[in-house]
Amino acid sequence: MGALKLGRHTARAPLVGALKLGRHKACPYEDMMAAPQPAPLDRERIAAAAQACEADMVRFLRDLIAIPAESCHEGPVVERIRREMKQVGFDEIRVDPMGNLLGRIGSGKKIIMMDSHTDTVGVGDPNEWSWDPYKGKVEDGFVYGRGASDQRAGMASLVYAGKIIKQLGLLGDYTLYVVGSVQEEDCDGLAWVYILKEDGIRADCVVLTEPTNLRVYRGHRGRMEIEVHIRGRSCHASAPERGDNPIYKMTMLVREVEELNTRLRTDSFLGKGTVAVTDIRAMSPSLCAVPGACTIHLDRRLTAGETRESAVGEVKALAGAKGAEVEVLRYEQPSYTGLAYPMEKYYPTWVLEENDPLVQAAVSTHVALHGKPPVVDKWTFSTNGVGSMGIMGVPTIGFGPGEEDVAHSVKERVPIHHLVEAAQFYAAFPLTYVATLRNFRG
Ligand SMILES: [Zn+2]
């Protein structure tokens, strides 16, 4: 409970005063600014150390961008990250049988795991890009390229946070694992189910470094991949009355799914659950034949309170689904090491309460570094949190460099100052987390 060393500019007191002037709370975390901060952090030293790493982080980030690594092909990028971890002084670095990279610092009681997935999506049509997606162009304070925000930048900041922790002696009663996970773009959460079940690490919390624009995110909607199959009877298309055309039945179901989407529930924080038909295909011996079967693919986004059972049940209850088969798909692709770890494509919704110690620790870290609370929000897209918290129940939170809305686009980029600020956050977080838990207990 030492005094927070805020350096020369103690912006905290006047800022709290200003916030308290209003009748309404400006932010649910304002009280935390008035409360004693849990960990003595020298924010100026951390800021200076992170700033001194800027050029190295940019160089490392550009190296990572230059290594194409779609899901199941992460081997070379994992090797490149391993080299950098070794160079900056991680205590132990290993690669698990699935191919996830685990860099450890410290050996204290609380197990803090920070994740950056090592795969990226592809580049699509190369003509759509105005620059080489694998060059890591540096311009106007940004680094551009595939993976710049999603999420090579997270890894660059994490590895250098490790260096800063060592350099400034920000060690405590914690063990930090910096994880480079695999296959997130193909099957979010899979690597974390594996790590938490098979690697023998009992995590107290997980920090995801997917892009949040330097905000603290505490959840997102879940999702499912569902297919609905309707069978008919094929016949020569010159005499369709001899068969039973499943496409006609499916069109009725498609209309019902469209209508189902309008009545799905809404959550005030996460937003609305959605369902969309994203593919339709028929199995036919020829384009001159009535097909024997028809399938639709459903992209289902799950809000709070929606589960695998409720989502499947709603589809089965549609009149057009009578006699249809509703299937939740499975992911079975082996990792780059050849290990297959099959999982159903049900990625549960997860949300951490605002007053959870992990959210409070993240807010305290931001206050300690910047003298003001961060925006606390949620992702629109899905992340590995569906595995770490949605399936495995480990408290999970997000804080990352870059903007979510440029991910997977030809405009992908990350502001260089985000690399520096994220490294500060990751370096400062572990001690703040340990102190916050102590405060909660005592
Ligand atoms: Zn991502």
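To start, this report covers the structure provided alongside it. Everything numeric here is computed off the predicted structure, so don't read it as measured data.

Cut-offs and rules
Residues numbered from 1 in each chain as written. Predicted model: local features only at pLDDT ≥ 70, side-chain atom pairs only at ≥ 80, totals over all residues. Heavy atoms only, no water. Helix = DSSP H or I, 4+ residues; strand = E, 2+ residues; numbered from the N terminus. Expected span 1.5 Å × (residues − 1). Buried < 20%, exposed > 50% of the residue type's maximum accessible area, 1.4 Å probe, protein only. Polar contact = N/O pair within 3.5 Å; in protein donor to acceptor, adjacent residues only side chain to side chain. Contact = heavy atoms within 4.5 Å. Donors = N, O, S within 2.8 Å, 3.2 Å for Na, K, Ca; no water. Tetrahedral: all angles 85-135°; square planar, octahedral: opposite > 155°, others 65-115°.

**Regarding helix α10 (residues 357-370)**
Taking 1.5 Å per residue, 14 residues should reach 20 Å; α10 reaches 20 Å between its end C-alpha atoms and fits that length. Buried residues dominate α10, accounting for 12 of its 14 residues. At the N-terminal end of α10, a side-chain oxygen is found 2.8 Å from the backbone nitrogen of L358, two or three residues along, and the residue is D356. Of the residues one or two after α10, G371 is the one with positive phi, at around 75°.

**What to know about the environment of V206**
If you trace the backbone, V206 turns up in strand β7 (residues 205-208). Looking at V206, the relative accessible area reads 0%, which means it is buried. A sequence separation of 122 residues divides V206 from V328, and the C-alpha atoms of the two residues are 27 Å apart. Not counting residues up to four positions away in its chain, the partners in contact with V206 are M113, W192, L358, S388, V394, P395, T396 and I397.

**Looking at the environment of E70**
Summarising the element assignment, E70 is placed in the loop between α4 (54-65) and α5 (75-88). C-alpha of E70 to C-alpha of V121: the two residues are 51 residues apart in sequence and 5.6 Å apart in space. Beyond its immediate chain neighbours, meaning those up to four positions away, E70 contacts D119, T120, V121 and G122.

**Considerations on unusual backbone geometry**
At the junction of D150 and Q151, the peptide bond is cis and its omega measures out at -10° in the coordinates. Secondary-structure assignment places Q151 in helix α6 (residues 148-168). Despite not being glycine, D140 shows a phi value in the positive range, around 50°. Here D140 lies in the loop between β4 (138-139) and β5 (142-144). Unlike most non-glycine residues, Q183 shows phi in positive territory, near 65°. Relative to the helices and strands, Q183 is located in the loop between β6 (174-181) and α7 (190-198). Given a relative accessible area of 1%, Q183 falls into the buried group.

**Description of the coordination of the zinc ion**
For the zinc ion, every protein donor is listed as H117 (NE2), D150 (OD), E210 (OE) and E210 (OE), and the spread of their distances is 1.8 to 2.5 Å. For the zinc ion, the 4 donor atoms are set out with angles of 55 to 145° between them, so the coordination reads as irregular. Mapped onto the polypeptide sequence, the residues donating to the zinc ion form the spacing pattern H-x32-D-x59-E. Of this pair, H117 sits in strand β3 (residues 110-117) while D150 sits in helix α6, and the two are 33 residues apart along the sequence. Take H117 and D150: they sit in the same class, and that class is buried.

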